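Listed below are the residues making up each chain.
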Amino acid sequence: SQQGEEDPQALSIQEGENATMNCSYKTSINNLQWYRQNSGRGLVHLILIRSNEREKHSGRLRVTLDTSKKSSSLLITASRAADTASYFCATIGLNDYKLSFGAGTTVTVRA
Amino acid sequence: GAGVSQSPSNKVTEKGKDVELRCDPISGHTALYWYRQSLGQGLEFLIYFQGNSAPDKSGLPSDRFSAERTGGSVSTLTIQRTQQEDSAVYLCASSLAPTGYGSTDTQYFGPGTRLTVL
């Protein structure tokens, strides 16, 4: 079953703009991870944020985590056409090891 | 180094036939996972192998699904008597260290096998 929900379901932006997507989850977590998927195939790991962390950066990516609201956001700055993909958040629960995925956000970056 | 590999990349089969999907994890990774991605269900966990421990099969949708991992490396997911609802992309992932509860180890995914059941 899906642990989280992502918002929006789809996002279309101009190259150079920022893209923000949100993820909410239901149960307490050990960590939350963001993945990217191109063309419905393999998932590429982007970033992992632990439950005791509030913000993390990796290149043009910024992830925040609010455990009190059970939510996370992924910001992609200065987007490029190559960022066009589906983005998924996934959580690992406190007593778990398997990823529970959200439904994903489809991002289209227009040149 | 090499990532997770899966074969075949695409498989088309007729309803009622058996299929085998293969996963080669990253060398040295002791944990291996199978997930399924389908239109109706999104991404869902199927099965987990960790070293020599008994696998966690809690995500397998029916007894037509089984998996094994030989020698702590290669894994095979078998679907017997395939049904149209089995059509999906089957994804394999592996992670480095023994992953107990509350794992923070990154799971690295393979490219997936797209299964189509006619």
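Structure: see above.
Small disclaimer: the values here were computed from a predicted structure and weren't measured. (Residues numbered from 1 in each chain as written. Chains lettered and ligands numbered in written order. Predicted model: local features only at pLDDT ≥ 70, side-chain atom pairs only at ≥ 80, totals over all residues. Heavy atoms only, no water.)

J.: Would you explain the packing of aromatic side chains in this entry?
T.: When we look at a pair of aromatic rings, we describe it by the centre distance and by the angle of the planes. Inspection of the entire model under this criterion finds 10 aromatic pairs over all chains. Ring centres of Tyr-97 of chain A and Tyr-48 of chain B lie 4.0 Å apart, and the angle between their planes is 25°; on these two criteria the pair is classed as stacked. Of this pair, Tyr-97 of chain A sits in the loop between β9 (85-93) and β10 (100-101) while Tyr-48 of chain B is found in strand β5 (residues 42-50), placing the two residues in two different chains. Residue Tyr-97 of chain A is classed as buried on the basis of its relative accessible area, which comes to 11%. (Phe/Tyr/Trp six-rings, centres within 6.5 Å; stacked < 30°, edge-to-face > 60°. Helix = DSSP H or I, 4+ residues; strand = E, 2+ residues; numbered from the N terminus. Buried < 20%, exposed > 50% of the residue type's maximum accessible area, 1.4 Å probe, protein only.)

J.: Could you clarify how one ought to interpret unusual backbone geometry in this entry?
T.: Negative phi values dominate among residues other than glycine, just as trans dominates among peptide bonds. Looking along the chain, the bond that leaves Asp-7 of chain A and enters Pro-8 of chain A is cis, with omega of 0°. With respect to the helices and strands, Pro-8 of chain A occurs in the loop between β1 (4-7) and β2 (10-14). For the bond from Ser-7 of chain B to Pro-8 of chain B, the omega torsion is -10°, close enough to zero to count as cis. Mapped onto the fold, Pro-8 of chain B is located in the loop between β1 (5-7) and β2 (10-13). A positive phi angle is found at Lys-70 of chain A, which is not glycine, with a value near 55°.

J.: Teacher, can you tell me more about the interface of chain B and chain A here?
T.: Quite often, the size of an interface is put as the accessible area lost when its parts meet. Contacts between the two partners involve 29 residues from chain B and, on the opposite side, 24 residues from chain A. Summing both sides of the interface, chain B and chain A together bury roughly 2,000 Å²; the carbon and sulfur share of this comes to 52%. Summed over the shared surface of chain B and chain A, the number is zero salt bridges. Between chain B and chain A we count six residue pairs in polar contact (both at pLDDT 80 or more) in total. (Contact = heavy atoms within 4.5 Å. Buried area = accessible area lost by both parts, 1.4 Å probe. Salt bridge = Lys/Arg side-chain N within 4 Å of Asp/Glu carboxyl O. Polar contact = N/O pair within 3.5 Å; in protein donor to acceptor, adjacent residues only side chain to side chain.)

J.: Teacher, can you tell me more about the state of the cysteines here?
T.: A disulfide bridge is the covalent bond that connects two cysteines by way of their sulfur atoms. Residues and elements named next belong to chain A. On inspection of all chains with the given rule, the structure shows two disulfides over all chains. Two residues share a disulfide in this structure: Cys-23 and Cys-89, whose sulfurs sit 2.0 Å from each other. Note on the Cys-23 and Cys-89 pair: the S-S dihedral is about 70°, so by sign convention the disulfide is right-handed. Taken together, the residues Cys-23 in strand β3 (residues 19-25) and Cys-89 in strand β9 connect sequence positions 66 residues apart. The pair Cys-23 / Cys-89 is uniform in exposure class, with both members buried. (Disulfide = S-S within 2.5 Å.)

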